[in-house]
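Here's the letter readout for the chains.
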Amino acid sequence: MTRRTENRRRSRRWWIVAAAAALLAAAVALTAVVFPSVAATVCPGCYGLERLRPGVYAEPGLSQPRRRQVIEVVERADERVRDFFGGRKSSPDVLVCLSDECYRRIGGGRERGIAVLNRSVMLSPRGVDPVIASHELTHVELHARLGGAEVPQWFDEGLAVLVSDDPRHLAPAGDRCLVVPRGPLPATLGDWLRAASADPRVYAEAACQVSRMAGAGGGKEALRALVGRLSAGQPFPDVRWGAAPAGGSRA
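Below you will find a few notes about this structure.

### Quick look at the nonpolar core
Side chains that are nonpolar tend, in soluble globular proteins, to be buried together. Counting residues in each nonpolar core, the largest one holds 47 residues, and the members touching the most others are Val70, Val96, Trp154, Phe155, Leu159, Leu223 and Phe236. Ranked by the residues each element gives to this core, the list is headed by helix α3 (residues 64–85), at seven residues. The contacts of Phe236, once residues within four sequence positions are left out, are Val151, Pro152, Trp154, Phe155, Met213, Leu226 and Leu230.

### Focus: the environment of Ala195
For Ala195, the location among the structural elements is in helix α7 (residues 189–198). Placed 10 residues apart in sequence, Ala195 and Leu185 show a C-alpha to C-alpha distance of 8.9 Å. When near neighbours in sequence (up to four residues on either side) are disregarded, Ala195 contacts Pro186 and Val202.

### Considering the pairing of strand β4 (residues 113–116)
Relative to strand β5 (residues 120–123), β4 is paired through four bridges, and the arrangement is antiparallel. Paired with Gly113 across the strands is Leu123, a residue of β5. In this antiparallel pair of consecutive strands, β4 and β5, the connection spans three residues, and Leu117 shows a positive phi of 55 degrees.

### Focus: the pairing of strand β1 (residues 50–53)
As defined by bridge partners, β1 adjoins strand β2 (residues 56–58) across three bridges and the pair is classed as antiparallel. Residue pairing across strands places Glu50 opposite Ala58, the latter belonging to β2. Adjacent in sequence and paired antiparallel, β1 and β2 are bridged by two residues, among which Gly55 carries a positive phi angle near 90 degrees.

### Some remarks on the packing of aromatic side chains
Inspection of the entire model under this criterion finds five aromatic pairs. Relative to Phe155, the ring of Trp154 has its centre 6.1 Å away and its plane inclined at 80 degrees; by these criteria the two rings are edge-to-face. A residue is classified by how much of its surface remains accessible, and Trp154, at 3% relative accessible area, is buried. Judged by centre distance (5.1 Å) and plane angle (90 degrees), the rings of Trp192 and Tyr203 are edge-to-face. Of this pair, Trp192 sits in helix α7 while Tyr203 sits in helix α8 (residues 201–217); the two residues are 11 residues apart in sequence, bridging distant segments of the chain. By relative accessible area, Tyr203 is classed as partly exposed at 23%. Of the aromatic side chains, those joined through ring pairs into one cluster are Trp154, Phe155 and Phe236.

Conventions and cut-offs
Residues numbered from 1 in each chain as written. Predicted model: local features only at pLDDT ≥ 70, side-chain atom pairs only at ≥ 80, totals over all residues. Heavy atoms only, no water. Core = buried A, V, L, I, M, F, W, Y, C linked by side-chain atoms within 4.5 Å. Buried < 20%, exposed > 50% of the residue type's maximum accessible area, 1.4 Å probe, protein only. Helix = DSSP H or I, 4+ residues; strand = E, 2+ residues; numbered from the N terminus. Contact = heavy atoms within 4.5 Å. Pairing = 2+ DSSP bridges. Phe/Tyr/Trp six-rings, centres within 6.5 Å; stacked < 30°, edge-to-face > 60°.

This is the structure we're talking about:
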């Protein structure tokens, strides 16, 4: 091999590496512009958030009382999720904004909070509350336990309402149903978003269905057992609306 041929090959390899690096940089930049919520959860500091403790980030400049408030909210939410599931398998980062400008910067919208790719949680100024935080943490924990298994979206949302003990959608005691499902609930994310936008009572309907599944099977242990069976490959049980699934929810 001549020196000229070797130099040409080295030059070609250099251009390939340079092109690959440029494409990667472009992809990262595009993600930051088009999907800022994804980019922010990957690099909270890149969006101006500071770490309050491992796994918890908030906008900078908060007073000590506000910082303690954020940490306390996350701790109380974590406690609710641990109590229901008997521990945690997930460890998502939680990004907290106390101003609308901060929440817009990291890609948030009008929601109180959101689970991002079932890996991280973002809380808006209206979502710095143990109920909202535990709702979103439940989504992440459920999918960590499912290990890729699918569940209807109504179960995902109804379980999150139940774990978070959301008083907007649950009665305080006894039969916790505030709104009994009138028929099949939205099973896909798209259908759920459309239904919830049209009528927020769908959250109460889903919570009713999941709470009655738990009640018929013996409590939260029945739901934990159901999630375990689903992760092992069993199909989601048939459901009679407003009641427990036929033969499916008992541990």
